[in-house]
Amino acid sequence: MTETPEFDRKMLEALVCPQTQGRLEFDASTQELISHSAHLAYPIRDGIPVMLIDEAREID
């Protein structure tokens with residue numbers, strides 16, 4: 001069985017929301033980066049954040 005690579009939290013220092021240029025928060029339970037200002041959640045796949053607005057899901 002192959003393990004999913006873990007997200008490197010140090011990347012949060014360099015990453016910003018592509019829509020608002022604001023801070024992101026890591027949600028370990030959903031493996032997403034959350035932009036509260038844009039109300040978007042960016043997925044993390046195989047340990048790599050997918051920072052495309054079209055791939056993000058809307059959140060409340």
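1. Remarks on the confidence of the model for the protein chain
Part 1: For the protein chain, the average pLDDT comes to 92, and 93% of its residues sit at 70 or higher.
Part 2: Confidence, read as mean pLDDT per element, is least for strand 4 (residues 48-49) in the protein chain (94) and greatest for strand 5 (residues 57-58) (98).

2. Examining unusual backbone geometry
Part 1: Despite not being glycine, Q31 has its phi angle at roughly 55 degrees, a positive value.
Part 2: Looking at where Q31 falls in the secondary structure, it is placed in the loop between strand 1 (25-27) and strand 2 (32-35).
Part 3: With relative accessibility at 30%, the residue Q31 sits in the partly exposed group.
Part 4: Residues other than glycine seldom take positive phi values, yet H39 does so here, at roughly 60 degrees.

3. Remarks on the pattern of salt bridges
Part 1: Applying the stated criterion to the full structure yields two salt bridges.
Part 2: The partner of E32 in a salt bridge is R57, and the shortest N-O contact between them spans 2.8 Å. Here E32, found in strand 2, pairs with R57, found in strand 5; they are 25 residues apart in sequence, far enough to count as distant.
Part 3: With a relative accessible area of 41%, R57 lands in the partly exposed category.

4. A few points about the nonpolar core
Part 1: By size, the foremost hydrophobic cluster in this structure holds 11 residues: F7, L15, C17, L24, F26, L33, A38, L40, Y42, I44 and A56.
Part 2: Among the elements that make up this core, the one with the highest residue count is strand 3 (residues 40-45) (three residues).
Part 3: What F26 contacts, discounting residues up to four positions off in sequence, is F7, R9, L12, Q31, E32, L33 and I44.

5. Some thoughts on the side chain of E32
Part 1: Judged by relative accessible area, E32 falls into the buried class, the value being 9%.
Part 2: Side chain to side chain, E32 and R57 meet in a polar contact 2.8 Å long.
Part 3: Among residues more than four places away in sequence, those in contact with E32 are E25, F26, D27, A41, Y42, P43, I44 and R57.

6. Details of the pairing of strand 2
In the case of a regular strand, side chains alternate between the two sheet surfaces.
Part 1: Neither face of strand 2 is open: one carries E32 and I34, the other L33 and S35, and all of them are buried.
Part 2: Summarising the sheet, strand 1 and strand 2 pair through three bridges and their orientation is antiparallel. Each residue of the ladder has a partner; that of E25, found in strand 2, is I34.
Part 3: The loop that links strand 1 with its antiparallel partner strand 2 comprises four residues; one of these, Q31, has a positive phi angle of about 55 degrees.
Part 4: Pairing between strand 2 and strand 3: four bridges, direction antiparallel. The partner of I34 across the bridge, within strand 3, is A41.
Part 5: Connecting strand 2 to the next strand, strand 3, in antiparallel fashion are four residues, including H39 with a positive phi near 60 degrees.

Analysis parameters
Residues numbered from 1 in each chain as written. Predicted model: local features only at pLDDT ≥ 70, side-chain atom pairs only at ≥ 80, totals over all residues. Heavy atoms only, no water. pLDDT = per-residue confidence, 0-100. Helix = DSSP H or I, 4+ residues; strand = E, 2+ residues; numbered from the N terminus. Buried < 20%, exposed > 50% of the residue type's maximum accessible area, 1.4 Å probe, protein only. Salt bridge = Lys/Arg side-chain N within 4 Å of Asp/Glu carboxyl O. Core = buried A, V, L, I, M, F, W, Y, C linked by side-chain atoms within 4.5 Å. Contact = heavy atoms within 4.5 Å. Polar contact = N/O pair within 3.5 Å; in protein donor to acceptor, adjacent residues only side chain to side chain. Pairing = 2+ DSSP bridges.

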